Each structure stands twice: as structure tokens, then as C-alpha cells.
Amino acid sequence: MIDNQHPVNSPFAIKDCALIAIATGQRARNLREMVGYLQTISVDSIYYHFWGTLLRPRFDDPEYHNDFAIWAAHQIHDRILAERLAVIYPVEYNNLEDLRQELIEVIEERLDEIDFPVWAHRDRQFEFIRSQIVVFDTHRKAHYAQEFVEIIPQMSVGSIFFHLIDARRRHPESIDDFQNWLLEFGDEYAELRQKIGEIDPYYSSLSQLRNELSQMFKNYFLQR
């Protein structure tokens, strides 16, 4: 049963989204070129190559969660670099500029260790893509927190991406839309907000994140 004693003035508007890939025309043939492009490329490209993998089909080795690591492993066959790039955890960085700098430092460190950077074949160059997010209104709203027990299992993976992941880039406090909205209830859902904040948004698929979030809301309200 919905707890209608605790409505909020601004309902939670469910959005959906798609991440549009836009070619930059910039391609790296080796690690030196990679560093050069990374110094000036749009942060939207950094975002796409880390987070965009969640919104598109993955056929590469699941060991690697970003495009830079995948390219290092499969196109220039540098497993040492691939492993170092794979452990970069974008959630830990305050902004995309800090993430950019970490990428550059990891690659430059590897360049210092090797005599000659490997050149990728013409059809295996790293193509920098930048992202543009397109947002759609689903015309569905939540007025009470408990409504999410039914709403979340029906949300698309695009909605999960927009509200749980992309929101962290949009909010100054780097929190997702669920936590941000629940703040309107004061301390009422402090425990639930904390649990949502503990979700790891990077190493799971969007469908897994949806299931985890759904179960979290369900368990929370079953205990009330």
C-alpha cells in the first residue's frame, strides 16, 4: 500500500534516454598519438568511452570495461597496459577532467617502459567518439517513494542509465536522481538513500542495476 501521508511537491518524472555516438574524425594509431588526442579531446568523448559501453551491445572481452582498455588488449596487444586501463574506476573521480588526466598518466607511464610504441593497423586505430545524450519523457511520474516498487521493474535500461548514472554528472553533489528526489522527504528515507548510494554503477549491466535497485526498494518497504 502506498504511504500517501508523505507526498512531495515535485513528483519524480521518469525519463528515458539514448546516447548518440558522434564521430570526431580523430584516430590514434599508437600510444603517443593517443596521448596527444586525449589532451584536447572533448570530455564528452571520455564519457562515451567509459560509460557508453553500458548502453550498447558488448561483444568484447568482459574483462575490460572501457574502450581504451579494449583497444590496448585487442588492437595493439598490450595486455599490461590493458590491465592498467581496465582498473581505472571512473566513479572515483570528481569530474571528467580528472579522469582524462589519469588516462594520460597511465599511458605515459607505459610509454616510458617500452622502446617503441606499437602501431595499429589502419582498420584497428582507436576512433574517438563523442556522445550526445537525447532525453525522452515517458509521461510517467512517482509522487510517493513506495511507487518505485512497481515502477522500477518496468523502467527501460535507458531510464536506469539516465537516473542512476548520468545523473551523477548532472548533479553538483554527484548523486543519482533517486537519492536527490528522496532528499525532499527530509530524513524519512535516509537509510534507503544510503543503500542506493552504495550501488556500484560501473561493473554491472544496466539490467543488473535495475534488478538490484528494484530489490532494494522492495526489501526496504517490506520491512516498514
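Bear in mind the structure is a predicted one, so any value in this text is a computation, not a measurement. (Residues numbered from 1 in each chain as written. Predicted model: local features only at pLDDT ≥ 70, side-chain atom pairs only at ≥ 80, totals over all residues. Heavy atoms only, no water.)

**Section: helix α2 (residues 43–51)**
Burial analysis of α2 places seven of its nine residues in the buried class, the great majority of the element. Here α2 has its buried residues at S45, I46, Y47, Y48, H49, F50 and W51. Packing partners of the buried residues in α2 comprise β1 (12–28), α1 (31–38), α3 (67–74), α5 (96–113), β2 (126–142) and α7 (157–170). (Buried < 20%, exposed > 50% of the residue type's maximum accessible area, 1.4 Å probe, protein only. Helix = DSSP H or I, 4+ residues; strand = E, 2+ residues; numbered from the N terminus. Contact = heavy atoms within 4.5 Å.)

**Section: the environment of V35**
Inspection of the secondary structure assignment puts V35 in helix α1. C-alpha of V35 to C-alpha of A21: the two residues are 14 residues apart in sequence and 21 Å apart in space. Those residues within four positions of V35 in sequence are excluded, and the remaining contacts are I104, I107, E108 and L111.

**Description of the side chain of R168**
Secondary-structure assignment places R168 in helix α7. Buried charge R168 goes without a salt bridge, the closest partner of opposite sign being D176 at 4.1 Å. Reaching out from R168, the side chain makes a polar contact with the backbone oxygen of L164 at a distance of 3.1 Å. Setting aside anything within four residues of it in sequence, one finds R168 in contact with V91, S174, I175, D176, I196, I199 and P201. (Lys, Arg positive; Asp, Glu negative; His and termini not counted. Salt bridge = Lys/Arg side-chain N within 4 Å of Asp/Glu carboxyl O. Polar contact = N/O pair within 3.5 Å; in protein donor to acceptor, adjacent residues only side chain to side chain.)

**Here's the deal with the packing of aromatic side chains**
Enumeration over the complete set of coordinates arrives at 24 aromatic pairs. The interplanar angle of 90 degrees and the centroid separation of 5.8 Å between the aromatic rings of F12 and W181 together place this pair among those described as edge-to-face. Note that F12 is positioned in strand β1 and W181 in helix α8 (residues 177–182), a separation of 169 residues in sequence. Per residue, the accessibility class of F12 equals that of W181, and both read buried. With a centroid separation of 4.9 Å and 65 degrees between ring planes, the pair formed by F126 and F128 is classed as edge-to-face. Here the two residues F126 and F128 agree in accessibility, since each one is buried. Taken together, the aromatic side chains of F12, F148, F178, W181, F185, Y189, F217, Y220 and F221 make up a single cluster linked through ring pairs. Just above the ring of Y47 sits the side chain of R169; from NZ or CZ to the centre is 3.7 Å. (Phe/Tyr/Trp six-rings, centres within 6.5 Å; stacked < 30°, edge-to-face > 60°. Lys NZ or Arg CZ within 6 Å of the ring centre and 35° of its normal.)

**A look at the packing of α3 against helix α4 (residues 79–86)**
Put simply, α3 and α4 touch, their axes get as near as 8 Å, and they point 165 degrees apart. As the angle between them shows, α3 and α4 are arranged roughly antiparallel. The interaxial crossing formed by α3 with α4 has left-handed handedness. Contacts between α3 and α4 involve F68, A69, A72, A73 and H74 from the first element and R79, L81, A82, L85 and A86 from the second. (Axes fitted to C-alpha atoms, helices over the stretch in contact; angles between N-to-C directions. Parallel < 35°, antiparallel > 145°, perpendicular 65-115°, else oblique. Left-handed = near helix turned anticlockwise from the far one by under 90°.)

**Overview of the pattern of salt bridges**
Note on pairing: side chains with opposite charge can pair once their charged atoms come close. All chains considered together, the criterion is met by 11 salt bridges. One salt bridge connects D137 with K15, and the closest N-O pair in it is separated by 3.9 Å. Of the two residues, D137 sits in strand β2 while K15 sits in strand β1, which places them 122 residues apart along the sequence. Look at K15 and you get partly exposed, because its relative accessible area is 24%. The residue E113 makes a salt bridge to R110 at a minimum N-O spacing of 2.9 Å. With a gap of three residues between them, E113 and R110 both fall in helix α5, about one helical turn apart. In this structure R110 comes out as buried when scored by relative accessible area, which is 11%. Through salt bridges with shared partners, a single ionic network connects D44, D166, R169, R170 and D177.

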